[in-house]
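Here's the letter readout for the chains.
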Amino acid sequence: QVQLVESGGGLVQPGGSLRLSCAASGPTFSTYDVGWYRQAPGQEREFVAAISRSGSTTYYEDSVKGRFTISRDDAKNTVYLQMNSLQPEDTAIYYCNAVTLTPTQVFVKYDAWGQGTQVTVSS
């Protein structure tokens, strides 16, 4: 099982940008589809974006389309989430996890979640 660690969160003003990183410890990172999820205070965890093993296919939750970009660099065993035009509604703890992609759905492969990285958007 691949081990993933999130980083890159922080405090940013509305309209600002952050780039989150999801780093894998194992050598087989390229064999996994990877997804980003987030959980805001008092809310359930929700899907944000996902990327296929090859990096050729991506999926985004409607509210982040056009603002967030998911990418991967298998040479660095890392998946990124570039977040632009951040709004207070994006405030949440962001998590990454291995997923299984289908033409219409994204499924979390494992039920274990890491610590995540906090993103706070506020003036």
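Structure: above.
Brief notes about the pairing of strand β3 (residues 18-24)
By the criterion of burial, β3 is predominantly enclosed, with 5 of the 7 residues buried. Sheet topology note: the strand β1 (residues 4-7)/β3 ladder contains 4 bridges and is antiparallel. Along β3, the bridge assignment pairs glutamate 6 with cysteine 22. Here β3 runs beside strand β8 (residues 78-83); their pairing, made up of 6 bridges, is antiparallel. What sits directly across from leucine 20, in β8, is leucine 81.

Some details on the state of the cysteines
As used in these notes, a disulfide is a covalent bond between sulfur atoms, one from each of two cysteines. Under the counting rule described, the total for this entry stands at 1 disulfide. A sulfur-sulfur separation of 2.1 Å characterises the disulfide bridge that pairs cysteine 22 with cysteine 96. Disulfide cysteine 22-cysteine 96: torsion about the S-S bond near 80°, hence right-handed. Of this pair, cysteine 22 sits in strand β3 while cysteine 96 sits in strand β9 (residues 92-101); the two residues are 74 residues apart in sequence, bridging distant segments of the chain.

Considering the environment of tyrosine 37
Assignment of secondary structure puts tyrosine 37 in strand β4 (residues 33-39). With a relative accessible area of 6%, tyrosine 37 lands in the buried category. For the pair tyrosine 37 and serine 85, spaced 48 residues apart in sequence, the C-alpha to C-alpha distance is 18 Å. Residue contacts for tyrosine 37: discarding those within four places in its chain leaves Arg45, Glu46, Phe47, Val48, Ile93, Tyr94, Tyr95, Val99, Val106, Phe107, Val108 and Trp113.

Observations regarding unusual backbone geometry
Not every positive phi belongs to a glycine, and asparagine 77 is a case in point at roughly 50°. For asparagine 77, the location among the structural elements is in the loop between β7 (68-73) and β8. A positive phi angle is found at serine 85, which is not glycine, with a value near 50°. Looking at the element boundaries, serine 85 is found in the loop between β8 and β9.

Digging into the sheet that holds β7
Taken in spatial order, the 4 strands of this open sheet run β1-β3-β8-β7, and their pairing is antiparallel. For this open sheet the edge positions go to β1 and β7, each flanked by a neighbour on one side alone. For this sheet, the mean angle separating the axes of adjacent strands, direction not counted, is 15°.

Some thoughts on the pattern of salt bridges
Following the criterion strictly, the structure yields 6 salt bridges and no others. We note a salt bridge from arginine 38 to glutamate 46, for which the minimum N-O separation is 2.7 Å. Among the residues examined, arginine 38 registers a relative accessible area of 6% and is labelled buried. Take glutamate 46: its relative accessible area is 32%, and that puts it in the partly exposed class. Between arginine 38 and aspartate 90 there is a salt bridge, with the nearest N and O atoms lying 3.0 Å from each other. Placement of arginine 38 in strand β4 and of aspartate 90 in the loop between β8 and β9 is noted, with a sequence separation of 52 residues between them.

How each quantity is defined
- Numbering of residues starts from 1 in each chain and follows the order in which that chain's sequence is written.
- The predicted origin of the model limits local features to residues at a pLDDT of at least 70 and limits the giving and counting of side-chain atom pairs to 80 or more, whereas totals for whole chains, interfaces and linings rest on all residues.
- With hydrogens and water set aside, each side-chain value is computed from the structure's full complement of heavy atoms.
- Remark: exposure states derive from per-residue accessible area (1.4 Å probe, protein chains only) relative to the maximum for the residue type, with buried under 20%, exposed over 50%, and partly exposed in between.
- Strands are runs of DSSP state E lasting at least 2 residues, helices are runs of H or I lasting at least 4, and numbering of each runs from the N terminus.
- Strands qualify as paired when DSSP identifies two bridges or more between them.
- Here, a disulfide means two cysteine sulfur atoms that sit within 2.5 Å of each other.
- Residues count as neighbours in contact if any of their non-hydrogen atoms are within 4.5 Å of one another.
- Axis angles are defined between N-to-C directions and span 0 to 180 degrees, where every axis is a line fitted to C-alpha atoms and, for a helix, only to the segment in contact.
- Criterion for a salt bridge: a side-chain nitrogen of Lys or Arg within 4 Å of a carboxyl oxygen of Asp or Glu.

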